[in-house]
Amino acid sequence: MEQHGLDILGSWFGTHCDITSSTALVKLELHQHRASLEVGNVFFVTCWATTHTSRSKIYVAKDGTGDFYTIGEAVAAAPNYSKTPTDIMIKKGVYLEYIIIETEKTNIAFIGDGMHKTVISGNRSSASGLQMDQTATVAIFGVGFIAKGISFKNTAGLGHQAVALKSNVQSAFYKCSFHGYQDTLYTKHGRQFYRDCVIYGKTDFIYGNAAVVFQNCFIIARNRGGTIITAQGREGPYEKGGTILHNCTITYDHHYRSSSIKTYLGRPWQLYSRVVVMQSFIDDFIDPKGWLNIKETNLDKLFYAEYKNRGRGANTTGRVKWPGYKVFTEPNEVLQFTVNNFIQGNEWIPSTGIPFIPGLL
């Protein structure tokens, strides 16, 4: 019976299964893209569907063992306006390229050998006269983009705007890292999801106006002091944008010197800036005030909130007293910011094969 059950699930969903075994009664559940097969109390299989359709694959390798030497060539070869995923399998190596996923390149997936093995790197910055928007090592405009196991870097260094990755559309990232100093990760628009990722930076290094959830991510400041983590850019009260940090670890890189300059969770890039930090670990380098404002006006229009965080930096007794700042204590106050409610994750994340927590912990 066990093998028959596995054969059934395998024919439906292929891989992406976690399996243990025993014997007894079979219980089969289907919920959207999720299938569960239980035999007794012990045998359990959970599969996340990628889709029923076939996925085309293009291989990139610097050593010549793939279809192309460069990622740019592979993207150009991918079909336009595809309704099915195209997996671009990028073997280990440092790829010194600037990549644009244009609007017509839909449902592209970058699959690397791991964030420490597959690296896409550039060094454009505002120092050369470029607009911040033009500095991205990788820029995404094609809806449905996915990346897994890749490091995105901008090595321009301190003192200038230099984007490692910019996403303008619905996209998802799993076990990726993003390296920079100022403006590392530009979550510009669309629904976005980051799971088990690592983001490094110093000034406004997570910014933009996407509706974005970071879940189980490491947010790492590159200086123990003088850091501003988020700069959210919501411009109006009815815009859907906001940055949610859920079950993340907010800490600093111990290789960088300590500083007496203060560090903050965020500052408003635009008038209706919205950031929620919930059920996360906050290290002791965050200033007790927590948040910084550029201007001392319109503090009733922004929306900053914290909910049941932990760590020495999570104490909210010394936080700012702005009208727009909230400390939530009840689950119903923050349910609107969960993956399912804020970015409708149950509608599109299962098809990516990326795990997620739909609600609160």
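Structure first, text after, so check above.
From a predicted model like this one, the values you see are computed outputs, not experimental measurements. (Residues numbered from 1 in each chain as written. Predicted model: local features only at pLDDT ≥ 70, side-chain atom pairs only at ≥ 80, totals over all residues. Heavy atoms only, no water.)

Let us now look at the overall build of the protein chain. Helix and strand counts for the protein chain stand at 5 helices and 30 strands. Looking at the protein chain residue by residue over its 361 residues, the buried ones come to 54%. Long-range contacts, defined here as pairs at least 24 residues apart, represent 63% of the contacts in the protein chain between residues at least 6 apart. (Helix = DSSP H or I, 4+ residues; strand = E, 2+ residues; numbered from the N terminus. Buried < 20%, exposed > 50% of the residue type's maximum accessible area, 1.4 Å probe, protein only. Contact = heavy atoms within 4.5 Å.)

Here the structure, examined in full by the defined rule, presents 18 aromatic pairs. Ring plane angle 75 degrees and centroid distance 5.7 Å describe the contact between Phe173 and Phe178, whose orientation is recorded as edge-to-face. No difference in accessibility class separates Phe173 from Phe178, as the two residues are buried. Ring centres of Tyr207 and Trp269 lie 5.2 Å apart, and the angle between their planes is 65 degrees; on these two criteria the pair is classed as edge-to-face. Taken together, the residues span a long stretch of sequence, with Tyr207 in strand 20 (residues 203–208) and Trp269 in the loop between strand 26 (264–266) and strand 27 (274–278) at a distance of 62 residues. Overall, the relative accessible area of 36% leaves Trp269 in the partly exposed class. Following the ring pairs from residue to residue traces out a cluster consisting of Phe110, Phe145, Phe152, Phe173, Phe178, Tyr194 and Phe214. Positioned above the aromatic ring of Tyr95, the side-chain terminus of Lys62 is 5.2 Å from the ring centre. Taking the ring centre of Tyr181 as reference, the NZ or CZ of Arg222 above it sits at 4.8 Å. (Phe/Tyr/Trp six-rings, centres within 6.5 Å; stacked < 30°, edge-to-face > 60°. Lys NZ or Arg CZ within 6 Å of the ring centre and 35° of its normal.)

Right, let's talk about the pairing of strand 6 (residues 86–90) for a bit. Within strand 6, 5 of the 5 residues are buried, which leaves it mostly tucked inside the rest of the structure. Here strand 6 shows two buried faces, one formed by Thr86, Ile88 and Ile90 and the other by Asp87 and Met89. In this region the chain leaves strand 5 (residues 56–60), passes through helix 2 (residues 71–77) and returns to the parallel neighbour strand 6; the handedness of that crossover is right-handed. Strand direction decides the pairing type here: strand 6 and strand 9 (residues 108–112), joined by 5 bridges, are parallel. When the bridges of strand 9 are listed, Asp87 appears paired with Ala109. (Right-handed = clockwise from strand over helix to strand, strands pointing away. Pairing = 2+ DSSP bridges.)

So, about the sheet that holds strand 26. Pairing is parallel across the open sheet formed by 7 strands, whose spatial order is 8-11-14-17-20-23-26. The open sheet is flanked by strand 8 (99–101) and strand 26, the only strands paired with a single partner. Adjacent strand axes in the sheet meet at a mean angle of 15 degrees, parallel and antiparallel pairs treated alike. Judged from the 2 bridges that link them, strand 17 (residues 185–187) and strand 20 form a sheet pairing that is parallel. Bridge assignment links Leu185 to a residue of strand 20, and that residue is Ile206. (Axes fitted to C-alpha atoms, helices over the stretch in contact; angles between N-to-C directions.)

Think of a sheet as strands paired side by side through backbone hydrogen bonds, with each pair either parallel or antiparallel. The strand order across the open sheet formed by 11 strands is 5-6-9-12-15-18-21-24-27-29-30, and the pairing between neighbours is parallel. With partners counted over all chains shown, the strands left at the sheet margins are strand 5 and strand 30 (325–328), one partner each. Each strand of the sheet is rotated relative to its neighbour by a mean of 10 degrees, with strand direction disregarded. With 5 bridges connecting them, strand 21 (residues 211–215) and strand 24 (residues 242–246) associate as parallel partners. The residue of strand 24 that forms the bridge with Gln215 is His246.

Most of strand 9 sits out of view: 5 of its 5 residues are buried. Side chains Ile108, Phe110 and Gly112 project from strand 9 onto one buried face, and the interleaved Ala109 and Ile111 project onto a second face that is buried too. Summarising the sheet, strand 9 and strand 12 (residues 145–148) pair through 3 bridges and their orientation is parallel. Each residue of the ladder has a partner; that of Phe110, found in strand 12, is Ala147.

Located in the positive-phi region is Lys175, a residue other than glycine, with phi close to 55 degrees. With respect to the element layout, Lys175 can be found in the loop between strand 15 (171–174) and strand 16 (177–179). With phi around 65 degrees, Asp183 is a residue other than glycine that occupies positive phi space. Examined against the element boundaries, Asp183 turns out to sit in the loop between strand 16 and strand 17.

Evaluation of the coordinates by the stated rule reveals 0 disulfides. The closest cysteine sulfur to the non-disulfide-bonded Cys197 is located on Cys217, 4.7 Å from its own sulfur. With a relative accessible area of 1%, Cys217 lands in the buried category. (Disulfide = S-S within 2.5 Å.)

Moving on: the pattern of salt bridges. Applying the stated criterion to the full structure yields 9 salt bridges. Ionic pairing is found between Asp87 and Lys57, a salt bridge with its closest N-O pair at 3.1 Å. Taken together, the residues Asp87 in strand 6 and Lys57 in strand 5 connect sequence positions 30 residues apart. What makes Asp87 buried here is its relative accessible area of 4%. Residue Lys57 is classed as partly exposed on the basis of its relative accessible area of 43%. Of the charged contacts, one joins Glu306 and Arg319 as a salt bridge, the two residues approaching to 2.7 Å between their closest N and O atoms. In this pair, Glu306 sits in strand 29 (residues 303–307) while Arg319 sits in the loop between strand 29 and strand 30, placing the two residues 13 residues apart along the sequence. (Salt bridge = Lys/Arg side-chain N within 4 Å of Asp/Glu carboxyl O.)

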